[in-house]
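Descriptive analysis of the structure
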Protein chains: 2
Amino acid sequence: MTQQDALTPRATISDVALLAGVATSTVSRALSNPGRVQGATRKRVELAAAELNYLPNPLAKSLRMGRTGVVALLIPDVTNPFYFDMVRGNQAQLRASGCFQLLCDTDESPEVEMQVLQRLGKTADGAILGATRLSDEQVLEVAGSMPLVIINRTVGQVPSVVIDTSSTMSQAVEHLYSLGHRHIAYISGPATSSSAASRWDAIETAGRRLDVDVTKIGPFTPTEMSGAAAADATLNSGATACIAFNDLVAIGMLRRFSARGICVPTDISVVGCDDIFGADFCNPPLTTMTSPTQQAARIATMMLTDQLQPEGARYARTRATLPTHLTIRGSTGPAQISSE
Amino acid sequence: MTQQDALTPRATISDVALLAGVATSTVSRALSNPGRVQGATRKRVELAAAELNYLPNPLAKSLRMGRTGVVALLIPDVTNPFYFDMVRGNQAQLRASGCFQLLCDTDESPEVEMQVLQRLGKTADGAILGATRLSDEQVLEVAGSMPLVIINRTVGQVPSVVIDTSSTMSQAVEHLYSLGHRHIAYISGPATSSSAASRWDAIETAGRRLDVDVTKIGPFTPTEMSGAAAADATLNSGATACIAFNDLVAIGMLRRFSARGICVPTDISVVGCDDIFGADFCNPPLTTMTSPTQQAARIATMMLTDQLQPEGARYARTRATLPTHLTIRGSTGPAQISSE
DNA sequence: TTGAAAGCGCTAACAG
DNA sequence: CTGTTAGCGCTTTCAA
């Protein structure tokens, strides 16, 4: 006993067979297809298995069967609240179909993501890319070698579910407009993010339509820390309201404004994106865009498990679009109302 | 083409062998032990492998080798900010030793946790229990069949790293005492949590020493939602300050106090536990206990990878204790100072 | 330096 | 209903 108790070597199927006095194939059947073996023999096998504390080796099983029952979910940053509901949605849906969730953090890096995907190989039956940082080419390459569903991006024929933010972005502009704002700044996110681009499009279009001045500032990394720089830049731009790429920077901005003695929403209005954990209890509570990420993940998961079905039973849905909505709170408006 | 492009079947090692005109064993050597094969042959193998886009099947490899290079991290709830730094710390340390992180959410359930652990089987070389909900017996049972390190709990000889909160809990009581409080409530967490018990012990002891009245309220589930009930109960108890089992309930309490028109910290002081994401920008910012979870996870990870080493090279550290500290913010104090 | 062959633990024909 | 056998893809003796 070196440091911990010596690990008892795992019993294999042939240990069980030996103890039960049957062939390994019988053990296999008795355990996974109880109907196809006699009651008495099955009993003996079950007893032997229990006695030896037998648990099948999933590696061997998967190697043989060509299926693992595992689905991978790749997330750029599992600690980013935006992805929480994706994790949850995927998990719930997976549990429902008896699959195992393999959660992978890709550290916001395309390299790591690709690496993970390659290493995954046959370890998982398929993967869901929660917010891929890969190039279209890379996505296609991967999609050629394993079942894939991507969220918030469309590339080629790869099954995907996207959350459409553009109409809500227009709503946000209208909301700000109705409050009297005529100059709005958009705090942009990473250039690699495809959703960042479409958000800006929607804002610009809405701005033109309403004759509101819109300026794009950034790009900034989507973190709370970037908020300070973003806040200062916004002030410089002369805008009286801003829409941030995500809640993290929006919250960072709130803090910076407060530190500089600027009052939100009296002096400036702030709109975030994502409605993350914390958006409702920061000060003031953040007006933000709420995405149905949980539902998106559920649908994506269904699409994937569907691909894993035998050809016939397929659902054949390979594309879905979900709308967002605006959640109005204290960070926009004429002045914060302190009721409730 | 049914719905997506047909997946190209993965090339195996024998495909490569065939194309390169060598035996499979040579391919294996050329790829994983380049030194032990002639330059020319290696070249040919590498070319063939590249041509076929060959990637080794990790399942087969692991089955043969008996090692997977994968370490599992089990977390009761990956969306609970308290665990963020564990995930990060484990990930960083794992990457450093070339291992793959298998992140598992156990949904706060002992059943799921056990199930995951069994299913894991030989899929992972070992596991780290971030905050197990298992009974001592169950932990021991698992520890007998796979390398394990547990965080924030000690059971038998199982390697573990615990974060010691008790001295900081005393500090919290002293802090509150020095602000003039003479009646403090402790909002307790789930009965199953072993750390909850030791926190209460420390508080009670400190209370006796300083002649401060301490009452235990609860237990409450450690969520934001429980905050309302906890806040009301605290008010009823007549305490002028409270220490919450964790930040989530503390934040919930803050909201409830605000809703009831009670001013923090003027009317009542609130201390949280964990210093989660959000604790600094809630309103008012929360005084809380900060845990070195990232460091704990790193150490736990080292302990585990250490167990996986050949007998000789071991570090032989099987137990560690880390201290917490108090982070004082606006939710305690005579009155909130609005500088900075 | 390389090839042939065995085997990791399991399941799926195919006989019996 | 059950045993025998082959083989999933890989590494590793053991010979050559």
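Rules of the game
Throughout, a residue's number is its position along its own chain's written sequence, starting from 1. Working convention: letters from A go to chains and numbers from 1 go to ligands, in the order in which they are written. Whole-chain, interface and lining totals are the exception, using all residues; otherwise, since this is a predicted model, local features are given only for residues with pLDDT of at least 70 and side-chain atom pairs are given and counted only at 80 or more. Side-chain numbers here rest on the full set of heavy atoms in the structure, without hydrogens or water. Each helix corresponds to a stretch of at least 4 residues labelled H or I by DSSP, and each strand to a stretch of at least 2 residues labelled E; elements are numbered beginning at the N terminus. We compute the radius of gyration from the C-alpha atoms alone; for a globule the expected value is 2.2 Å times N to the 0.38, where N is the number of residues. We call two residues in contact when some of their heavy atoms are within 4.5 Å. Any residue with a heavy atom positioned within 4 Å of a molecule or strand is treated as near that molecule or strand. What qualifies as a polar contact is a pair of N or O atoms within 3.5 Å, subject to a donor-acceptor requirement within protein and to the restriction that residues adjacent in sequence count only when both atoms come from side chains. Buried Ala, Val, Leu, Ile, Met, Phe, Trp, Tyr and Cys residues form a nonpolar core when they are joined through side-chain atoms within 4.5 Å. Exposed residues in this analysis have more than 50% of their type's maximum accessible area, buried residues have under 20%, and partly exposed residues fall in between, with area computed by a 1.4 Å probe over protein chains only. Each residue is assigned to one of three groups, with Ala, Val, Leu, Ile, Met, Phe, Trp, Tyr, Cys and Pro labelled nonpolar, Asp, Glu, Lys and Arg labelled charged, and all others, Gly among them, labelled polar. To superpose the copies, least squares is applied to the C-alpha atoms of every residue with a pLDDT of at least 70 in both. Each pair of strands is called paired provided DSSP finds at least two bridges between the two strands. Axis geometry follows a simple rule: fit a line to the C-alpha atoms, using only the stretch in contact for helices, then measure angles between N-to-C directions, giving values from 0 to 180 degrees. Summed over both partners, the accessible surface that disappears when two parts come together, traced with a 1.4 Å probe, is what is meant by buried area. By convention in these notes, a salt bridge is any Lys or Arg side-chain nitrogen within 4 Å of a carboxyl oxygen on Asp or Glu. UniProt positions are given in the numbering used here, feature names are shortened, and annotations may be inferred rather than shown by experiment. Oblique is the label for any angle not covered by the other classes, which are roughly parallel (under 35 degrees), roughly antiparallel (over 145) and roughly perpendicular (65 to 115). With the far helix as reference, a near helix turned anticlockwise by less than a right angle produces a left-handed crossing, and one turned clockwise produces a right-handed crossing.

In the nomenclature of an unreviewed UniProt entry, chain A corresponds to LacI family transcriptional regulator from the organism Pseudarthrobacter sulfonivorans.

1. Topic: the overall build of chain A
Per the secondary structure count, chain A includes 12 helices and 12 strands. A globule of 340 residues ought to have a C-alpha radius of gyration of about 20 Å, yet chain A, at 26 Å, is considerably larger. Structurally, chain A occupies a C-alpha span of about 85 × 50 × 40 Å along its principal axes. Across chain A, contacts joining residues at least 24 apart in sequence account for 69% of those joining residues at least 6 apart.

2. Brief notes about the protein's contact with DNA strand C
Neighbouring DNA strand C are 22 residues; I13(A), Y54(A), R64(A), T26(B) and T41(B) lie closest to it. Here the atoms of DNA strand C within 4 Å of the protein split so that 65% fall in sugar or phosphate, with bases taking the remainder. Note that a phosphate oxygen of DNA strand C is positioned 2.5 Å from one of the side-chain N or O atoms of T41(B). Secondary structure elements with two or more residues in the surface near DNA strand C: α2 (24-32) and α4 (58-65) of chain A together with α2 (24-32) and α4 (58-65) of chain B.

3. Thoughts on the nonpolar core
Counting residues in hydrophobic clusters, the biggest one holds 100 residues, and the most contacted among them are V161(A) and V161(B). Once you skip the residues sitting within four places of it in the chain, V161(B) turns out to touch V149(B), I150(B), I151(B), N152(B), A296(B), I299(B), A300(B), M303(B), A320(B) and L322(B). Listed in part, the 46 residues of the second largest apolar core include L74(A), A127(A), V142(B) and V155(B).

4. So, the protein's contact with DNA strand D
Close contacts around DNA strand D come from 23 residues, with T26(A), T41(A), R64(A), I13(B) and R64(B) the closest. Sugar and phosphate atoms represent 60% of those atoms of DNA strand D found within 4 Å of the protein. The separation between a base oxygen of DNA strand D and a polar side-chain atom of S25(A) is 3.2 Å. One nitrogen or oxygen atom from the side chain of S28(B) is found 2.8 Å from a phosphate oxygen belonging to DNA strand D. Elements represented by at least two residues in the surface near DNA strand D include exactly α2 and α4 of chain A together with α2 and α4 of chain B. A per-element tally of the surface near DNA strand D places α4(B) first, with 4 residues. Taken together, the residues of the surface near DNA strand D break down into 9 nonpolar, 8 polar and 6 charged.

5. Details of the relation of the copies chain B and chain A
Superposing chain B onto chain A takes a rotation of 180° combined with a translation of 0.0 Å along the rotation axis, leaving an RMSD of 0.1 Å. What we have between these two chains is a two-fold relation.

6. Considering the sheet that holds strand β6 (residues 183-187) of chain B
Residue and element names in this part refer to chain B. Strands sit in the order β7-β6-β8-β9 across an open sheet of 4 strands; the sheet is parallel. The outermost strands of the open sheet, each flanked by one partner alone, are β7 (213-217) and β9 (269-271). Averaged over neighbouring strand pairs, the angle between their axes works out to 20° when direction is ignored. Bridging between β6 and strand β8 (residues 241-244) involves 4 bridges; their strand directions are parallel. Note that in β8 the partner of I184 across the bridge is A241. Seen against the sheet, helix α8 (residues 166-178) touches β6, β8 and β9 and runs at an angle of roughly 165° to β8. Packed on one face of the sheet, helix α10 (residues 227-237) meets β6, β7 and β8 and runs near 155° to β6.

7. What to know about the side chain of S62(A)
Structurally, S62(A) is set in helix α4. On the basis of relative accessibility, which here comes to 8%, the residue S62(A) falls in the buried class.

8. Concerning the interface of chain B and chain A
Residue-level contacts link 68 residues of chain B with 67 residues of chain A. With both chains or domains summed, chain B and chain A bury close to 5,900 Å², and 58% of this area falls on carbon and sulfur atoms. Our count for the contact surface shared by chain B and chain A stands at 10 salt bridges. With its nearest N and O atoms 3.8 Å apart, the salt bridge here joins D107(B) to R88(A). If you look at where chain B meets chain A, you find 18 residue pairs in polar contact (both at pLDDT 80 or more). For the side of chain B that touches chain A, the secondary-structure elements that each account for two or more residues are α4, α5 (84-96), β2 (100-105), α6 (110-120) and α11 (247-259) of chain B. With 6 residues, the top contributor of residues to the side of chain B that touches chain A is β2(B).

9. A word on the UniProt feature "domain: HTH lacI-type" (unreviewed entry) in chain A
UniProt tags residues 11-65 of chain A as "domain: HTH lacI-type" (unreviewed entry). Counting secondary structure, residues 11-65 of chain A comes out at 71% helix and 0% strand; the distance between its end C-alpha atoms is 20 Å.

10. Considerations on the packing of α5(B) against helix α12 (residues 293-308) of chain B
The axes of two packed helices give the description: the angle between them and the distance between them. Residues and elements named next belong to chain B. Interhelical geometry of α5 versus α12 gives an angle of 40° and a closest axis separation of 7 Å. Taken together, the axis directions place α5 and α12 in an arrangement best described as oblique. Relative to α12, α5 is oriented so that their crossing is right-handed. Where α5 approaches α12, its residues D85, M86, R88, G89, N90, A92, Q93 and L94 are matched on the opposing element by T293, Q294, A297, R298, T301, M302 and T305.

11. Observations concerning unusual backbone geometry
For the bond from V264(A) to P265(A), the omega torsion is 5°, close enough to zero to count as cis. Summarising the element assignment, P265(A) is placed in the loop between α11 (247-259) and β9 (269-271). Cis rather than trans, the peptide bond between N283(A) and P284(A) has omega equal to -10°. Unusually for a residue other than glycine, D107(A) sits at a positive phi of about 60°. Position of D107(A) among the secondary structure elements: in the loop between β2 (100-105) and α6 (110-120). The phi dihedral of D275(B) is positive, around 55°, even though this residue is not glycine. In this structure, D275(B) sits in the loop between β9 and β10 (288-290). Relative accessible area serves as the criterion here: at 24%, D275(B) is assigned to the partly exposed category.

12. Regarding α6(A)
Residues and elements named next belong to chain A. Those residues of α6 that fall on the buried side of the exposure criterion are V112, E113, M114, V116, L117 and L120. Its side-chain oxygen at 3.2 Å from the backbone nitrogen of E111, S109 defines the N-terminal cap of α6. Following α6 by one or two positions, G121 has its phi on the positive side, about 40°.

13. What to know about the pattern of salt bridges
As enumerated under the stated definition, the model contains 25 salt bridges over all chains in all. The closest approach of N and O atoms between D105(B) and R88(A), which form a salt bridge, is 2.9 Å. You can see D105(B) sitting in strand β2 and its partner R88(A) sitting in helix α5 (residues 84-96), one on each of two chains. With respect to class, D105(B) is no different from R88(A); both count as buried. For the salt bridge of D232(B) with R256(B), the shortest nitrogen-to-oxygen distance reads 3.0 Å. Taken as a pair, D232(B) in helix α10 and R256(B) in helix α11 lie far apart in primary sequence, 24 residues in all.

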